[in-house]
Amino acid sequence: MTTAYASRLTRNQWDLLSSLLPRAKATGHPRTVDLYEVVNVILYLMRFSIY
């Protein structure tokens, strides 16, 4: 189960954003991570970063 953070994307937001990310290549090693989770971690970390 995942924790609901304020920075977490909704699935509707993810649907809009995911079309801007590069697709997995047909050649090479297949992706083993969920890009949805990766983006959520980045947003979580950015929320607490100091500029």
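Scroll up to find the structure.
Since we're looking at a predicted model, the values are computed, not measured.

> Is there a simple way to think about the environment of Tyr-44 in this case?
With respect to the helices and strands, the residue Tyr-44 is situated in helix α2 (residues 35-47). The exposure class assigned to Tyr-44 is partly exposed, which follows from its relative accessible area of 30%. The contact partners of Tyr-44, leaving out residues within four places of it in the chain, are Tyr-5 and Ser-7.

> So what exactly am I meant to see when it comes to the pattern of salt bridges here?
Pairs can form between side chains of opposite charge once their charged atoms are near each other. On inspection of all chains with the given rule, the structure shows 1 salt bridge. The salt bridge partner of Arg-8 is Glu-37, with a shortest N-O separation of 2.9 Å. One end of the pair, Arg-8, is in the segment before α1 (11-18); the other, Glu-37, is in helix α2, with 29 residues separating them in the sequence. Judged by its relative accessible area of 29%, Glu-37 falls in the partly exposed class.

> Would you explain the side chain of Asn-40 in this entry?
Within the fold, Asn-40 resides in helix α2. Overall, the relative accessible area of 5% leaves Asn-40 in the buried class. What Asn-40 contacts, discounting residues up to four positions off in sequence, is Ser-7, Arg-8 and Leu-9.

What counts, and where the lines are drawn
- Residues numbered from 1 in each chain as written.
- Predicted model: local features only at pLDDT ≥ 70, side-chain atom pairs only at ≥ 80, totals over all residues.
- Heavy atoms only, no water.
- Helix = DSSP H or I, 4+ residues; strand = E, 2+ residues; numbered from the N terminus.
- Buried < 20%, exposed > 50% of the residue type's maximum accessible area, 1.4 Å probe, protein only.
- Contact = heavy atoms within 4.5 Å.
- Salt bridge = Lys/Arg side-chain N within 4 Å of Asp/Glu carboxyl O.

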